[in-house]
Amino acid sequence: MATALSITSGYTEDVTSLLAIGPEPLELERIVAALDTSGRFHTGADGAVVTFLGLVRNHNLGRRVRYLEYEAYEPLALKAFERIAAEIHERWPDVGLALHHRIGRLDVGEASIAIATRSPHRANAYAASRYAIERVKQIAPIWKREFFDGGDVWIEGATADPDDERARAEAERIACA
Amino acid sequence: MRVTVRLFARLRDIAGATELARDLAPGATIGTVWRELAGEYPGLAQYERSISSAVNADYARMDHVLRDGDEVAFLPPVSGG
């Protein structure tokens, strides 16, 4: 990445990192601002910012969800985010990415992930945003435990394999659909 | 040699531990550790084909040869986002 990438996470710091994982509530303004001040986007050449927030839903597979608990292997999750940023840079070189994931207990309606993409034209910012969330679900070592009326269950999705080119191609196909 | 094993999400619940220490013979791989754990905690066996593994916070394959002091992690299918 050409951007100044700070790996430290958390909002207690003066400079918001482009990529982060931690327990603090997510703020879109913070990650949009992080992109804005990350150097290469200071030229005025960008015409689009796309933001995405993933929220805790009150229902899943017919269950009434009370809250979620997110857990992560944090150092590897940050490396997965770096990998996703590098893939986006390779596929859409004019896009900048900021991506923050929250962990710990999240109540219904709270944001678990915030993504901001920025580019000269909207098409690439939209595509890269979708690609980022699809890849997080494929390769980031993060798990959610769902607490619903009557019990709790670990949600298990994809087997994480960053070298699985079919998964990557599928994320790209979805992003460009 | 000795390695640290980290377990996440449901794997941790099954084993009842976040972190385990294991003494291994030279040449042991991630797969060696996994088979040992699956023998100890039969509930883990169902994850044989769906887990991912990592060494020192980098994804690594089951045939990866371990060194003294490594941190091995076993990761059930992920569900972030």
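Definitions and limits used
- Residues numbered from 1 in each chain as written.
- Chains lettered and ligands numbered in written order.
- Predicted model: local features only at pLDDT ≥ 70, side-chain atom pairs only at ≥ 80, totals over all residues.
- Helix = DSSP H or I, 4+ residues; strand = E, 2+ residues; numbered from the N terminus.
- Buried ≥ 20, exposed ≤ 12 C-beta atoms within 10 Å, placed from the backbone.
- Rg over C-alpha atoms; globule rule 2.2 N^0.38 Å.
- Contact = placed C-beta atoms within 7 Å.
- Pairing = 2+ DSSP bridges.
- pLDDT = per-residue confidence, 0-100.
- Axes fitted to C-alpha atoms, helices over the stretch in contact; angles between N-to-C directions.

Topic: the overall build of chain A
No. 1: For chain A, the helix and strand inventory stands at 4 helices and 9 strands.
No. 2: For chain A, the α and β elements follow one another from N to C terminus as β-α-β-β-β-α-β-β-β-α-β-β-α.
No. 3: In chain A, buried positions account for 39% of the 177 residues.

What about the overall build of chain B?
No. 1: A count of helical and extended segments in chain B gives 2 helices and 5 strands.
No. 2: Over its C-alpha atoms chain B spans a radius of gyration of 12 Å, differing by no more than 12% from the 12 Å that the globule rule assigns to 81 residues.
No. 3: In terms of its C-alpha atoms, chain B occupies a principal-axis envelope of roughly 35 × 25 × 20 Å.
No. 4: A separation of at least 24 residues holds for 53% of the contacts in chain B among residues at least 6 apart in sequence.

Some words on the interface of chain A and chain B
No. 1: Of the residues lining the interface, 26 residues belong to chain A; the matching set on chain B comes to 17 residues.
No. 2: Counting residues per element, the ones that place at least two in the side of chain A that touches chain B are α2 (74-91), β7 (111-119), α3 (122-139), β8 (142-148) and β9 (151-155) of chain A.

Points about the pairing of strand β2 (residues 19-23) of chain B
Residues and elements named next belong to chain B.
No. 1: Where burial is concerned, little of β2 is hidden: 0 out of the 5 residues are buried.
No. 2: In this sheet, β2 lies alongside strand β1 (residues 2-7) in antiparallel orientation, the contact comprising 5 bridges. When the bridges of β2 are listed, Arg2 appears paired with Asp23.

Overview of the confidence of the model for chain A
No. 1: On average, residues of chain A score 91 in pLDDT, and 89% of them are at 70 or above.
No. 2: With pLDDT under 50 throughout, residues 1-10 of chain A is counted as low confidence; its partners more than four residues away or in other chains account for 26 contacts.

Points about the environment of Val56(A)
Residue and element names in this part refer to chain A.
No. 1: Along the polypeptide, Val56 turns up in the loop between β2 (48-55) and β3 (59-60).
No. 2: Exposure remark for Val56: the 21 C-beta atoms within 10 Å place this residue in the buried category.
No. 3: Here the alpha-carbon distance between Val56 and Thr37, two residues 19 residues apart in the chain, equals 29 Å.
No. 4: What Val56 contacts, discounting residues up to four positions off in sequence, is Leu68, Leu106, Asp107, Val108, Gly109, Glu110 and Ser112.

Let's talk about the sheet that holds strand β1 (residues 19-22) of chain A
Residues and elements named next belong to chain A.
No. 1: If you trace the 4 strands from one edge of the open sheet to the other, you get β1-β5-β7-β2, paired in mixed fashion. Looking along the sheet, the strands with just one partner apiece sit at the ends: β1 and β2. Each strand axis lies, on average, 5° off the axis of its neighbour in the sheet, ignoring direction.
No. 2: Here β2 runs beside β7; their pairing, made up of 8 bridges, is antiparallel. Considered in β7, the bridge of Gly54 is made with Ile113.

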